[in-house]
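Examining the three-dimensional arrangement
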Amino acid sequence: MVRAFDLHKSSSFNLRKMLESLPGRQSHSSIEPSSGGSSPKEMKKVGSPFIPSNDKGPVSRLSKEGGGAPNKGPSDIDLMKERFAKLLLGEDMSGGGKGVSSALALSNAITNLAASVFGEQKRLEPMSPERKARWRREVDWLLSVTDHIVELVPSQQQSPDGTTMEVMVTRQRGDLLVNIPALRKLDAMLIDCLDNFKGQNEFKYVDSKDENESEKAGRQKENGKWWIPTVKIPPGGLSEATRKWLQYQKDSVNQVLKAALAINAQILTEMEIPENYIESLPKNGRASLGDAIYKSITDDSFDPEQFLATMDLSSEHQILDLKNRIEASIVIWQRKMNHKDGKSSWGLAVSAEKRELFEERAETILLILKHQFPGIAQSSLDITKIQYNKARTRSANNNIPSI
């Protein structure tokens, strides 16, 4: 997602100006002097620990005795300033200049907001109005930044004398123009799925305080997810209509997840490979894959399904390790075919045709892994792309060189 929100070098984006333009922000604070001075005799006696006095000392407005208005928490303006200040400083609130890039800070802010809002949604029921309003309000704040990530595109304008000329105008960057509305639609679909559970009464949730110790111990032993509430269903089970309806809701949510993952994968694919990752690669594909995997991929009778059947994919660590090895070998082979690799080459031992064949086989394995394990953690290549991504301003017709 960081590629979609990348704003590091956009010449038309200035987060500091956005922050300064917020309502209620003042560059200097001032204290109005009192119109009339008070003589020492007119000053009220505060009291002394040594002299008994009936006068009470100063009382905090926040205390019960103060009688002031209760603290209602920060206002929306204050929260907005805090969010944009974090983006401006790259999450380094100390101001030490050690923050992350603005793109990564924006991506992390949206991720943390989603975890905070949806992490509290542990039941199949509509979101509370307060939580829903908070999500929409704060995600709008963060996404407003993307309105200032623009690119130059040609446009036809007509002068007063009737002549037509082509000028360059700014427009929201193409990938954001397509993906932001799509992600908003997926977000609305997900919230609608939760709203669909309003009024259902065939199953309900049991409060943790109403569970006895044996039920709690059994639930923890069964799935280990002690924080998930217990569902109580009728003795005869759910009706057939309810089962079909629940299955439909599940399929709908899965479609939302697949669409979001597809957008994310496409964005990561378009991002350039950082030099940090390239410098960490071994000198050839054999060193990346290991002798056993390399021999299997380069064998004449290669079968991707049979290859995966022989691999140990019993844990997420094993799957992620294989994915990292495959991706690294693909990058190495692509660079060698494009003559971008200055490291020791294969010489004349392998032809360009075979290198291309091996790369296609590795990509096939990678594609099968992604389909079989869609929820697998991000690979080293993806993490490096997100961490070290750099912005590139592109024109619509590629006539303007990248910055």
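Residues numbered from 1 in each chain as written. Predicted model: local features only at pLDDT ≥ 70, side-chain atom pairs only at ≥ 80, totals over all residues. Heavy atoms only, no water.

**Let's talk about the overall build of the protein chain**
- The helix and strand inventory of the protein chain stands at 14 helices and four strands.
- Taking contacts inside the protein chain between residues at least 6 apart in sequence as the whole, the part at least 24 apart equals 71%.
- When the accessible area of the protein chain is evaluated, it comes to approximately 26,700 Å², of which 52% is carbon and sulfur surface. (Helix = DSSP H or I, 4+ residues; strand = E, 2+ residues; numbered from the N terminus. Contact = heavy atoms within 4.5 Å. Areas by Shrake-Rupley, 256 points an atom, 1.4 Å probe, with all protein chains shown as cover.)

**Describing helix 3 (residues 102-118)**
- Over its 17 residues, helix 3 extends 24 Å from the first C-alpha to the last, a length consistent with the 24 Å expected when each residue adds 1.5 Å.
- Listing the buried residues of helix 3 in full gives Ala103, Leu104, Ala105, Leu106, Ser107, Ile110, Leu113 and Val117.
- Here the buried face of helix 3 lies against helix 2 (76-88), helix 4 (129-143) and helix 14 (380-387). (Expected span 1.5 Å × (residues − 1). Buried < 20%, exposed > 50% of the residue type's maximum accessible area, 1.4 Å probe, protein only.)

**Description of the nonpolar core**
- Core analysis: the biggest nonpolar cluster contains 26 residues, and Ile297, Leu308, Ile326, Trp333 and Ile365 have the highest contact counts within it.
- At the level of secondary structure, the elements contributing two or more residues to this core comprise helix 10 (291-298), helix 11 (304-310), helix 12 (316-337) and helix 13 (352-372).
- Here Ile326 is in contact with Leu289, Ile297, Ala362, Ile365 and Leu366, once residues within four sequence places are set aside.
- Residues Leu87, Ile110, Ile180 and Ile191 belong to the second largest nonpolar core, which totals 21 residues. (Core = buried A, V, L, I, M, F, W, Y, C linked by side-chain atoms within 4.5 Å.)

**Some thoughts on the confidence of the model for the protein chain**
- Looking at the protein chain as a whole, the pLDDT averages 77, with 71% of positions reaching at least 70.
- When pLDDT is averaged over each helix and strand of the protein chain, the minimum, 51, is found for helix 1 (residues 15-20) and the maximum, 94, for helix 5 (residues 174-195).
- Confidence over residues 23-57 falls short of pLDDT 50; this stretch has 12 contacts with residues more than four positions distant or in other chains.
- Of the regions scoring below 50 in pLDDT, residues 59-69 engages in four contacts with residues more than four places distant in sequence or in other chains. (pLDDT = per-residue confidence, 0-100.)

**Focus: the packing of aromatic side chains**
- Applying the stated criterion to the full structure yields five aromatic pairs.
- Residues Phe118 and Trp135 carry aromatic rings whose centres are separated by 5.1 Å and whose planes lie at 80° to one another, so their mutual orientation is edge-to-face. You can see Phe118 sitting in helix 3 and its partner Trp135 sitting in helix 4, a full 17 residues away along the chain.
- Look at Phe118 and you get partly exposed, because its relative accessible area is 22%.
- Taken together, a centroid distance of 6.1 Å and an interplanar angle of 50° make the contact between Trp333 and Phe358 tilted. Here Phe358 lies in helix 13 and Trp333 lies in helix 12, a separation of 25 residues in the sequence.
- Taking the relative accessible area as the measure of exposure, Phe358 reaches 6% and is therefore buried. (Phe/Tyr/Trp six-rings, centres within 6.5 Å; stacked < 30°, edge-to-face > 60°.)

**Re the packing of helix 5 against helix 7 (residues 240-270)**
- The N-to-C vectors of helix 5 and helix 7 enclose an angle of 160°; their axes lie 10 Å apart at closest approach. When the axis of helix 5 is compared with that of helix 7, the two are roughly antiparallel. Handedness of the crossing formed by helix 5 with helix 7: left-handed. Contacts from Asn179, Ala182, Leu183, Leu186, Met189, Leu190 and Cys193 in helix 5 reach Gln249, Ser252, Val253, Val256, Ala259, Ala260, Ile263 and Ile267 in helix 7. (Axes fitted to C-alpha atoms, helices over the stretch in contact; angles between N-to-C directions. Parallel < 35°, antiparallel > 145°, perpendicular 65-115°, else oblique. Left-handed = near helix turned anticlockwise from the far one by under 90°.)

**Some points on the pairing of strand 2 (residues 164-172)**
- One ladder, built from nine bridges, connects strand 1 (residues 150-158) with strand 2; its direction is antiparallel. For Pro154, the partnering residue across the bridge sits in strand 2 and is Met168.
- If you look at the hairpin formed by strand 1 and strand 2, you'll find five residues sitting between the two strands, and Gly162 has a positive phi there, around 95°. (Pairing = 2+ DSSP bridges.)

**What to know about the pattern of salt bridges**
- Following the criterion strictly, the structure yields 11 salt bridges and no others.
- The salt bridge involving Glu120 is made with Arg131; its shortest N-O contact spans 3.5 Å. Note that Glu120 is positioned in the loop between helix 3 and helix 4 and Arg131 in helix 4, a separation of 11 residues in sequence.
- Looking at Glu120, the relative accessible area reads 44%, which means it is partly exposed.
- Among the charged side chains, a network of salt bridges with common partners joins Glu82, Arg83, Arg134 and Glu138. (Salt bridge = Lys/Arg side-chain N within 4 Å of Asp/Glu carboxyl O.)

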